[in-house]
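Next come the chains, spelled out residue by residue.
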Amino acid sequence: MTSLVIDVRPARAPDAPGLAEVYAAAWREAYAGIIPALTLERMIVRRSAGWWRDIMKKRAILVLEVGGVVAGYATFAPAPGSAHAGAAEVQELYLKPEYQGIGLGIRLFSAALKRIKDKGYVRVLVRALADNDRANGFYIRRGGRLI
């Protein structure tokens, strides 16, 4: 019998190349036709493994690992601005395209919400591009509302 281990855990320095791969693949798939191609590629190039190693020292990052492969990630932090006191913001939640649509995004989002709640936050904000229908639908199906 073969088992496939799926885990959600805090990011570690060796995850940096995998995080860069997830970011590149997910952004190319999610934003093609929404963000101009040249701009999109410039954004992707900036998020190298080195960038990820540096940012994980400053930001809470959860990794979704499937069979030892970094398949997705979520980042969150206190929501910016005094109007959002007591709120956290899920800043990013992305999966490689081949891991989408099979419930792993829900698993990752649920893990992020648990960590946020455990830190004492009472509200959660998520920002998504207005044209990103799939992301907006995902969060609406999880109980979110557009504002």
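Above this text you will find the structure in question.
Rules of the game
Residues numbered from 1 in each chain as written. Predicted model: local features only at pLDDT ≥ 70, side-chain atom pairs only at ≥ 80, totals over all residues. Heavy atoms only, no water. Axes fitted to C-alpha atoms, helices over the stretch in contact; angles between N-to-C directions. Helix = DSSP H or I, 4+ residues; strand = E, 2+ residues; numbered from the N terminus. Parallel < 35°, antiparallel > 145°, perpendicular 65-115°, else oblique. Left-handed = near helix turned anticlockwise from the far one by under 90°. Contact = heavy atoms within 4.5 Å. Nonpolar A, V, L, I, M, F, W, Y, C, P; charged D, E, K, R; others polar. Core = buried A, V, L, I, M, F, W, Y, C linked by side-chain atoms within 4.5 Å. Buried < 20%, exposed > 50% of the residue type's maximum accessible area, 1.4 Å probe, protein only. Patch = residues over 30% accessible without salt bridge, like charges linked within 9 Å, V, L, I, M, F, W, Y side chains within 5 Å. Areas by Shrake-Rupley, 256 points an atom, 1.4 Å probe, with all protein chains shown as cover. Salt bridge = Lys/Arg side-chain N within 4 Å of Asp/Glu carboxyl O. Phe/Tyr/Trp six-rings, centres within 6.5 Å; stacked < 30°, edge-to-face > 60°. Lys NZ or Arg CZ within 6 Å of the ring centre and 35° of its normal. Pairing = 2+ DSSP bridges. Right-handed = clockwise from strand over helix to strand, strands pointing away.

## Section: the packing of helix H1 (residues 16-31) against helix H2 (residues 37-46)
Line of reasoning, step 1. At a closest axis distance of 10 Å, the pairing of H1 and H2 adopts a crossing angle of 160 degrees. Considered as vectors, H1 and H2 are oriented roughly antiparallel to each other. For the pair H1 and H2, the crossing hand works out as right-handed. Packed against H1, whose contacting residues are Tyr 23, Ala 24, Trp 27, Arg 28 and Tyr 31, the element H2 presents Leu 40, Glu 41, Met 43 and Ile 44 at the interface.
Line of reasoning, step 2. Split into classes, the residues belonging to the contact of H1 with H2 amount to 7 nonpolar, no polar and 2 charged.

## Section: the nonpolar core
Line of reasoning, step 1. Ranked by internal contacts, the top residues of the largest apolar core, which has 23 residues, are Leu 19, Trp 27, Tyr 31, Trp 52, Ile 61, Tyr 73 and Tyr 94.
Line of reasoning, step 2. Breaking this core down by element, the ones donating at least two residues are H1, H2, helix H3 (49-55), strand S2 (60-66) and strand S3 (69-78).
Line of reasoning, step 3. Per element, the largest residue contribution to this core is 10 residues, and it comes from H1.
Line of reasoning, step 4. When neighbours within four sequence positions are excluded, Tyr 31 is seen to be in contact with Leu 40, Tyr 94, Leu 129 and Asn 132.

## Brief notes about a nonpolar patch on the surface
Line of reasoning, step 1. Nonpolar side chains collect at one region of the surface, where Leu 113, Val 124 and Val 126 lie side by side and expose about 180 Å² of accessible area between them.
Line of reasoning, step 2. Inspection of the secondary structure puts Val 126 in strand S5 (residues 123-126).

## Thoughts on the packing of aromatic side chains
Line of reasoning, step 1. Evaluation of the coordinates by the stated rule reveals 11 aromatic pairs.
Line of reasoning, step 2. Ring centres of Tyr 31 and Tyr 94 lie 6.3 Å apart, and the angle between their planes is 70 degrees; this geometry places the pair in the edge-to-face category. Of the two residues, Tyr 31 sits in helix H1 while Tyr 94 sits in strand S4 (residues 87-95), which places them 63 residues apart along the sequence.
Line of reasoning, step 3. Judged by relative accessible area, Tyr 94 falls into the buried class, the value being 12%.
Line of reasoning, step 4. Ring centres 6.0 Å apart and planes at 50 degrees place the aromatic pair Tyr 73 and Tyr 94 in the tilted group. Placement of Tyr 73 in strand S3 and of Tyr 94 in strand S4 is noted, with a sequence separation of 21 residues between them.
Line of reasoning, step 5. The ring of Phe 138 is capped by Arg 142, whose NZ or CZ atom sits 4.7 Å from the centre of that ring.

## Re the pattern of salt bridges
Line of reasoning, step 1. The final tally for this structure, using the stated rule, is 10 salt bridges.
Line of reasoning, step 2. The residue Glu 92 makes a salt bridge to Arg 47 at a minimum N-O spacing of 2.7 Å. A residue pair is termed long-range when its members are at least 10 positions apart, and Glu 92 in strand S4 and Arg 47 in the loop between H2 and H3 qualify at 45 residues. The pair Glu 92 / Arg 47 is uniform in exposure class, with both members buried.
Line of reasoning, step 3. The salt bridge partner of Asp 118 is Lys 114, with a shortest N-O separation of 2.9 Å. Residue Asp 118 and its partner Lys 114 are both found in helix H4 (residues 104-118); the two are separated by 4 residues, about one turn of the helix.

## Re the pairing of S5
Line of reasoning, step 1. The pairing of S4 with S5 spans 4 bridges and is parallel. Within the sheet, the bridge partner assigned to Ala 88 lies in S5 and is Val 124.
Line of reasoning, step 2. In the classification by handedness, the crossover that spans S4, the intervening H4 and the parallel S5 is right-handed.

## A look at the pairing of S3
When a strand is regular, its side chains alternate between the sheet's two faces.
Line of reasoning, step 1. In terms of burial, S3 is a largely internal element, 8 of the 10 residues being buried.
Line of reasoning, step 2. In this structure, S2 lies alongside S3, joined through 7 bridges in antiparallel fashion. Looking at S3, one finds that Leu 64 is bridged to Gly 72.
Line of reasoning, step 3. As consecutive antiparallel partners, S2 and S3 are separated by 2 residues, and within that stretch Gly 67 has a phi angle of approximately 55 degrees, a positive value.
Line of reasoning, step 4. Relative to S4, S3 runs antiparallel, the two being bridged by 7 bridges. Across the sheet, the residue bridging to Phe 76 is Val 90, located in S4.

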